[in-house]
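Structure at a glance
Each chain is listed here by its residues.
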Amino acid sequence: MPLLIAFDLLDRQILDRDGIPVGKVDDVELSPDSRYVAALLTGQRALGARFGGVLGRWITGTAARLDTDRTGPRRIEYALVAKVDSAVHLSVRRELLTPPALEAWLDEHVIGRIPGASDAG
Amino acid sequence: MKRLLAVTLGILTAIGGFVDIGDIVSTSESGSRFGVAHTWVLVVGIIGICVYAEMSGRVTAISTRPVFDLIRERLGPRIGLVNLLGSYLITLLTLAAEIGGVALALQLLSGASYLLWVPAAAIVLWLALWRVKFETLERVFGLSGLALVVLLVSIFWLHPDFADLKGQATTFSPPKGENWPTYFFMAIALFASAMTPYEVFFFSSGGVEERWTPRDLTISRINVFLGFPLGGLLAFGFLATSAIVFEPIGVDVSTLGQAVLPAGMAFGRIGLGLAILGVFAATFGAAMETGLSAGYTVAQYFGWSWGKFLRPRQAARFHVVVLVSILLAVAALLTTIDPIQLTEYMLIFSAVVLPLTYLPILVVANDRGYLGDKVNGPFANIMGVIYLIIVVAAAVAAVPVMIFTGMGG
């Protein structure tokens with residue numbers, strides 16, 4: 001069954017193989033011939049680009065300043081997608097993907113420093 | 001026993017909706033001015049929240065996704081963002097009011113000003129959200145909030161004229177000396193408190209925290225049909241006791257101390273103690289509900305990892321949103337803004353954003369892509385549409401009525 005990008009993919013939650021959220025499908029990258037989806041783009045940078053306008057530029061700009069190592073939005077190869085139902089399930093654990101910059105920064109500088117941050121809830 | 005405890009999610013959610021600090025005072029105020037004339041609003045509200053909480057619980061159990069997550073998928077990121085901003089703002093204001101409410105309950109017990117209790121209450125709240133298991137929170141505060149049953153029992157102990165109460169409850173107009181706009185203002189506030197948006201978001205996120213699967217559909221429904229009417233009944237306790245005690249002598253209730261007084265008149269010190277304990281548990285429970293909901297909605301909109309079933313380090317952004325929300329709430333309270341007035345404003349503004357919350361839920365609950373053959377039946381859809389009309393009417397009327405009456409003056 002062909003997938004409708006706008007209806008079945010965009011804005012859907014991406015989960016890793018253990019069901020832990022990885023991000024939203026904020027945009028998709030098509031293959032050069034536009035015949036299939038090459039990668040999922042996730043993160044506020046991709047989201048801002050879709051918004052457009054002042055608000056969109058502000059979202060993208062803020063996200064880009066937080067993440068100076070990367071040149072574009074976070075990419076997840078479509079080959080890693082195992083299944084699409086009410087969420088997009090990946091076949092790998094999220095530790096294997098590059099972590100979102102904001103999450104990594106907050107983990108290192110804020111949350112990780114509070115006692116008990118590594119304990120299961 | 002485990003089965004019995006499985007309904008505490010519904011009870012806690014409902015207590016946070018129906019008997020949080022603003023509701024306690026505005027419900028009691030309505031009782032003291034209008035008698036039990038607003039009972040019908042509570043009934044309408046209880047049925048409404050049951051209709052939509054049932055849909056949300058079903059969506060969550062079948063799709064294993066919280067409803068707020070699906071709203072952006074179906075309405076797109078722009079409308080989703082408007083929805084996020086609206087509900088986050090209301091949730092944050094309520095969080096501030098609830099922390100103030102916990103502090104007010106402690107002021108009643110200790111005599112020390114509530115402003116001194118605000119930082120302490122906020123720290124304990126944050127520690128609870130940081131360290132304590134979701135199920136434990138839900139059980140402790142869901143069950144101890146039931147101490148408010150003392151107000152329901154007080155109704156009988158105060159020996160009211162039941163024929164008179166019945167007369168008030170079946171007269172659908174304001175009593176002599178009160179006017180229609182104020183009557184409607186109170187009705188909208190009570191209705192909005194029954195249907196506050198964070199209830200459905202918290203309820204469905206709680207279902208995910210408890211790892212509901214399609215097999216838990218029954219658990220979800222028991223939670224809805226037991227928990228929410230129970231919460232509504234506790235609110236009726238405040239309405240009726242204030243109507244019995246204050247309405248005949250023409251005193252307007254405007255403080256928490258007055259609202260719990262009828263329990264003391266019926267059962268002395270023990271009754272008063274139980275009522276204050278219940279208020280403490282209910283407001284603390286509501287503070288938890290709103291604190292977590294603030295994090296849930298933001299994280300679910302952006303697709304971040306969230307929830308207490310993960311270690312905090314696995315959901316760093318979620319925990320930062322919760323922490324920052326609590327800090328903002330404390331900052332708001334320390335400006336010495338009155339927490340009770342804060343919720344009264346909040347109730348009216350939440351009436352305005354209600355359609356944005358409930359329309360998408362109705363849409364998602366009809367989506368076979370998520371629910372397969374468990375989509376809404378004709379009954380759920382008829383009820384859903386009727387309530388959507390009521391919600392839109394309340395939203396349109398809310399602000400003009402507020403301005404016209406000068407906040408129910």
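Residues numbered from 1 in each chain as written. Chains lettered and ligands numbered in written order. Predicted model: local features only at pLDDT ≥ 70, side-chain atom pairs only at ≥ 80, totals over all residues.

Let us look at helix H2 (residues 8-18) of chain B. For H2 of chain B, the buried fraction is high: 11 of the 11 residues fall into the buried class. Among all positions in H2 of chain B, only Thr-8, Leu-9, Gly-10, Ile-11, Leu-12, Thr-13, Ala-14, Ile-15, Gly-16, Gly-17 and Phe-18 of chain B are buried. (Buried ≥ 20, exposed ≤ 12 C-beta atoms within 10 Å, placed from the backbone. Helix = DSSP H or I, 4+ residues; strand = E, 2+ residues; numbered from the N terminus.)

Turning our eyes to something else, we now look at the interface of chain B and chain A. Chain B puts 30 residues into the contact, and the matching count from chain A is 28 residues. If you list the elements that add at least two residues to the side of chain B that touches chain A, you get helix H5 (67-110), helix H6 (114-131) and helix H14 (316-333) of chain B. Top contributing element to the side of chain B that touches chain A by residue count: H5 of chain B, with six residues. In the side of chain B that touches chain A, the residues fall into 12 nonpolar, seven polar and 11 charged. (Contact = placed C-beta atoms within 7 Å. Nonpolar A, V, L, I, M, F, W, Y, C, P; charged D, E, K, R; others polar.)

All right, on to the pairing of strand S3 (residues 27-30) of chain A then. Residues and elements named next belong to chain A. As paired strands, S3 and strand S4 (residues 37-42) are joined by four bridges and run antiparallel to one another. Across the sheet, Val-28 pairs through a bridge with Leu-40, a residue of S4. Counted between consecutive antiparallel strands, the loop separating S3 from S4 contains six residues, among which Ser-34 sits at a positive phi close to 55 degrees. (Pairing = 2+ DSSP bridges.)

What follows deals with the sheet that holds S4 of chain A. Residues and elements named next belong to chain A. Here we have three strands laid out as an open sheet, ordered S3-S4-S5, and antiparallel in their pairing. Two strands lie at the open edges of the sheet, namely S3 and strand S5 (74-77), each paired on one side alone. Each strand axis lies, on average, 30 degrees off the axis of its neighbour in the sheet, ignoring direction. (Axes fitted to C-alpha atoms, helices over the stretch in contact; angles between N-to-C directions.)

For chain B, per-residue confidence averages 91 on the pLDDT scale, and 99% of positions sit at 70 or higher. No element of chain B has a lower mean pLDDT than helix H1 (residues 2-5) of chain B, which averages 71, and none a higher one than H14 of chain B, which averages 96. (pLDDT = per-residue confidence, 0-100.)

Let's shift gears to the packing of helix H4 (residues 39-63) of chain B against helix H15 (residues 339-364) of chain B. Residue and element names in this part refer to chain B. Put simply, H4 and H15 touch, their axes get as near as 10 Å, and they point 50 degrees apart. By the angle between their directions, the pair H4 and H15 is classed as oblique. The two elements H4 and H15 meet at a crossing, and its hand is left-handed. Two secondary-structure elements touch here, H4 through Tyr-52, Met-55, Ser-56 and Val-59 and H15 through Tyr-358, Ile-361 and Val-364. (Parallel < 35°, antiparallel > 145°, perpendicular 65-115°, else oblique. Left-handed = near helix turned anticlockwise from the far one by under 90°.)

What follows is about the nonpolar core. Counting 149 residues, the largest nonpolar core has Ile-99, Ile-188, Ala-192 and Ala-275 of chain B as the members making the most contacts within it. Residue contributions to this core peak at 25 residues, all from helix H13 (residues 256-302) of chain B. With sequence-adjacent residues up to four places away left out, Ala-275 of chain B is seen in contact with Leu-148, Val-150, Leu-151, Val-260 and Ala-263 of chain B. Of all hydrophobic cores here, the second largest spans 15 residues; its members include Val-22, Leu-47, Ile-76 and Leu-90 of chain A. (Core = buried A, V, L, I, M, F, W, Y, C linked by C-beta atoms within 7 Å.)

Bringing the sheet that holds strand S1 (residues 13-15) of chain A into the picture now. Residues and elements named next belong to chain A. Strand order in the open sheet made by the four strands is S2-S1-S7-S6, with mixed pairing throughout. Edge positions in the open sheet fall to strand S2 (21-24) and strand S6 (81-84), since each of these has one partner strand only. Across this sheet, the average inter-strand angle for adjacent strands is 25 degrees, counted without regard to direction. In the sheet, S6 pairs with strand S7 (residues 88-90) via three bridges, with the strands oriented antiparallel. Residue pairing for S7: Val-81 is matched across the bridge by Leu-90.

Attention shifts here to the packing of helix H10 (residues 180-194) of chain B against helix H17 (residues 378-405) of chain B. What describes two packed helices is the angle between their axes and the distance between those same axes. Residue and element names in this part refer to chain B. One can describe the packing of H10 onto H17 by two numbers: an axis separation of 9 Å at closest approach and a directional angle of 130 degrees. By the angle between their axes, H10 is oblique relative to H17. Relative to H17, H10 is oriented so that their crossing is left-handed. On the side of H10, the interface is formed by Pro-181, Thr-182, Phe-184, Phe-185, Ile-188, Phe-191 and Ala-192, while H17 contributes Ala-394, Ala-397, Ala-398, Val-401, Met-402, Phe-404 and Thr-405. Residue composition of the contact of H10 with H17, by class: 12 nonpolar, two polar and no charged.

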